[in-house]
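So you can see what is in the structure, the chains are spelled out below.
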Amino acid sequence: MPMPASEIEALIKAAIPGAEVTIRDLAGDGDHYAARVVSGSFAGLSRVRQHQAVYSALGGRMGGELHALQLETAVPSQLESEQ
Amino acid sequence: MTDPANRIADIVKSNDIVLFMKGTALFPQCGFSGRAIAILDRLGAKYETIDVLQDPDIRQGIKSYSDWPTIPQLYVRGEFVGGSDIMMEMYENGELQQLVGAEA
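These numbers come from a predicted model, not from an experiment.

Thresholds applied
Residues numbered from 1 in each chain as written. Chains lettered and ligands numbered in written order. Predicted model: local features only at pLDDT ≥ 70, side-chain atom pairs only at ≥ 80, totals over all residues. Core = buried A, V, L, I, M, F, W, Y, C linked by C-beta atoms within 7 Å. Buried ≥ 20, exposed ≤ 12 C-beta atoms within 10 Å, placed from the backbone. Contact = placed C-beta atoms within 7 Å. Pairing = 2+ DSSP bridges. Helix = DSSP H or I, 4+ residues; strand = E, 2+ residues; numbered from the N terminus. Axes fitted to C-alpha atoms, helices over the stretch in contact; angles between N-to-C directions. Parallel < 35°, antiparallel > 145°, perpendicular 65-115°, else oblique. Left-handed = near helix turned anticlockwise from the far one by under 90°. Nonpolar A, V, L, I, M, F, W, Y, C, P; charged D, E, K, R; others polar.

Q: Explanation requested: the nonpolar core in the structure shown.
A: Looking at soluble globular proteins, one finds that nonpolar side chains tend to be buried together. Core analysis: the biggest nonpolar cluster contains 30 residues, and B:Leu19, B:Ala36, B:Leu40 and B:Met87 have the highest contact counts within it. Excluding residues that lie within four positions of it along the chain, B:Ala36 makes contacts with B:Leu19, B:Met21, B:Pro72, B:Leu74, B:Ser84 and B:Met87. In this structure, A:Ile8, A:Ile12, A:Tyr55 and A:Leu58 belong to the second largest nonpolar core, which totals 15 residues.

Next comes the structure, spelled out in structure tokens:
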């Protein structure tokens, strides 16, 4: 079931204010995406917790409506170097 | 039938490295599960797999157990490590090899 990239981006940005979100449509079918989410709010969180924050932003669509979303999360580099 | 959460707890405690996946190591039924198997094989890790397609209770149960919406899911020594994206990232930076204690 296709879901537009703009909707994914909007959901993530609404839940994680200030997040930098990059989405690629991997297969051009509106169903296989890769997302990179960079946010200062991830600082100090494990990768699992960072991904959980994004999944929670998608409000249950992940694994259902949205089958394939490769996810990469990161902390902005200037924050990372302060840790 | 015991509670799925108890069954999952038993599985992750009694296996050092266990992958909850769709299909089997030989015949993964989803690209993400296939990728997870490829990573573990590349590391030469000894692992168990649980085919969630054979067990609807585990398939649903593991999602709430880990608070993680997708399959595959990797557990090492009772700890949830992540899905295939995290596995790939940890494989690429060498963390996963360290975690599973395998020699490349």
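Now that the structure is up, let's keep going.
Q: Looking at this model, I keep getting lost on the sheet that holds strand E1 (residues 20–25) of chain A. Mind explaining?
A: The strands making up a sheet associate through hydrogen bonds between their backbones, and the pairing can be parallel or antiparallel. Residue and element names in this part refer to chain A. One open sheet holds the 3 strands; their spatial order is E1-E2-E3, and the pairing between them is mixed. Bordering the open sheet on either side are E1 and strand E3 (68–74), each of which pairs with just one other strand. Between one strand axis and the next, the sheet turns by 15° as a mean value, whatever way the strands run. Pairing geometry for strand E2 (residues 32–38) and E3, over 7 bridges, is parallel.

Q: Got a minute to help me understand the packing of helix H1 (residues 5–15) of chain A against helix H2 (residues 47–57) of chain A in this structure?
A: Each pair of packed helices gets described by two things: the angle between the helix axes and the distance between those axes. Residues and elements named next belong to chain A. In contact at an axis separation of 8 Å, H1 and H2 are set at 115° when each is read in the N-to-C sense. In terms of orientation, H1 and H2 fall into the roughly perpendicular class. Remark: the crossing between H1 and H2 carries right-handed chirality. The segment H1 lies against H2, with Leu-11, Ile-12 and Ala-15 engaging Val-54, Ser-56 and Ala-57. Considering only residue class, the contact of H1 with H2 consists of 5 nonpolar, 1 polar and no charged.

So, to be careful, I would describe these as geometric facts and stop short of saying anything about function.
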